[in-house]
Amino acid sequence: MPSVLGIVPLVGRAEVALGPFNETTPLRRSVETVAPVVGRPVVILAEGGQVMSAMDALDGCSVPVDIWDVDVARDIKRLRAAAQVTDLILVHDPLCPLVTTESLVEVLASTATGEAAVAVRPVVDTLKTLVRSVITATVDREALRVVISPVVLPAALLDESLDPALTLDEPALLVQWLRERVHVRLVMAPAGSGRITDLSSSRMMMAADLLG
């Protein structure tokens, strides 16, 4: 079995990831989802004042975590050193709090040697192209996918060319970065998966969580 380094990026997500989610937070839910898969401390990547906020949000959590600041060179060195002694990196977005441990395992199992894998969902919205504020065409959504979570990549890719603060901030950007380097396998995520994009979607997910 390959060794796995689990990363939950708080960068660019703190306001929502540290907010309420059915008596917990998306951050804590995500850390608890990743922990059974990696068998080692879950790495939370934060920046600046997010470090203390993450510690407060995880107070009393039984899952061992390492909270590293992407603005501190020493912590980036720790991240790269951890990658050097593992096979795969699993990045789980805390804005996808309904993704299950089973889903993470499925994407990991789908990751071939030297490749990356990402959980996706079909695009359901109608998309249009605009030219000077005028709708000119409808985009064929059959060939499009929405990036969910997780993204799994070979640990060897976490070298000096990857800026964790920028690349991990946006999952779609990470997938684009990966496609320039390795084959990326798309794995269909369960229908209940999704990403919190605003207050409305957060409320919908909390309701779905209570019903599920």
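Everything that follows concerns the structure shown earlier in this document.
These lines cover the structure that appears in this document, whether it is placed above or below. (Residues numbered from 1 in each chain as written. Predicted model: local features only at pLDDT ≥ 70, side-chain atom pairs only at ≥ 80, totals over all residues. Heavy atoms only, no water.)

1. Let's talk about the side chain of Asp75
Mapped onto the elements of the fold, Asp75 is located in helix 4 (residues 73–84). Leave out the neighbours within four places in its chain, and Asp75 touches Trp68 and Asp69. (Helix = DSSP H or I, 4+ residues; strand = E, 2+ residues; numbered from the N terminus. Contact = heavy atoms within 4.5 Å.)

2. Description of the packing of helix 2 (residues 26–38) against helix 5 (residues 101–109)
Between helix 2 and helix 5, whose axes approach to 9 Å, the crossing angle comes to 45 degrees. Accordingly, the angle class assigned to the pair helix 2 and helix 5 is oblique. The handedness of the crossing between helix 2 and helix 5 is right-handed. Residue-level inspection shows Thr33, Val34, Pro36 and Val37 of helix 2 in contact with helix 5, the latter providing Thr101, Leu104, Val105 and Leu108. Classifying every residue of the contact of helix 2 with helix 5 by side-chain character gives six nonpolar, two polar and no charged. (Axes fitted to C-alpha atoms, helices over the stretch in contact; angles between N-to-C directions. Parallel < 35°, antiparallel > 145°, perpendicular 65-115°, else oblique. Left-handed = near helix turned anticlockwise from the far one by under 90°. Nonpolar A, V, L, I, M, F, W, Y, C, P; charged D, E, K, R; others polar.)

3. What about helix 4?
With twelve residues, helix 4 extends 17 Å from end C-alpha to end C-alpha; this agrees with the ideal 16 Å at 1.5 Å per step. Listed in full, the buried residues belonging to helix 4 are Asp75, Ile76, Leu79, Arg80, Ala82 and Ala83. Around the axis of helix 4, the buried residues are gathered within 160 degrees of arc, so they sit on the same side. Away from its buried face, by an angle of more than 90 degrees, helix 4 presents the exposed residues Ala73, Arg74, Lys77 and Gln84. (Expected span 1.5 Å × (residues − 1). Buried < 20%, exposed > 50% of the residue type's maximum accessible area, 1.4 Å probe, protein only. Arc of directions from axis to C-beta.)

4. Some details on the nonpolar core
Nonpolar side chains in soluble globular proteins generally cluster together in the buried interior. By size, the foremost hydrophobic cluster in this structure holds 35 residues, and its most contacted members are Leu10, Leu27, Val31, Val42 and Leu90. The leading source of residues in this core is helix 2, at six residues. Setting aside anything within four residues of it in sequence, one finds Val31 in contact with Val8, Val42, Ile44, Leu58, Val63 and Val65. In this structure, Ile7, Leu79, Ile89 and Ala116 belong to the second largest nonpolar core, which totals 29 residues. (Core = buried A, V, L, I, M, F, W, Y, C linked by side-chain atoms within 4.5 Å.)

5. A closer look at unusual backbone geometry
With the exception of glycine, most residues fall at negative phi, and the peptide bonds are largely trans. Residue Pro150 is reached from Ser149 by a cis peptide bond, and omega for that bond is 10 degrees. Position of Pro150 among the secondary structure elements: in strand 8 (residues 145–154). With a phi angle near 50 degrees, Asn22 is a residue other than glycine that sits in the positive phi range. Tracing the backbone shows Asn22 in the loop between helix 1 (14–17) and helix 2. For Glu23, which is not glycine, the phi dihedral falls at a positive 70 degrees. By the secondary structure assignment, Glu23 is in the loop between helix 1 and helix 2.

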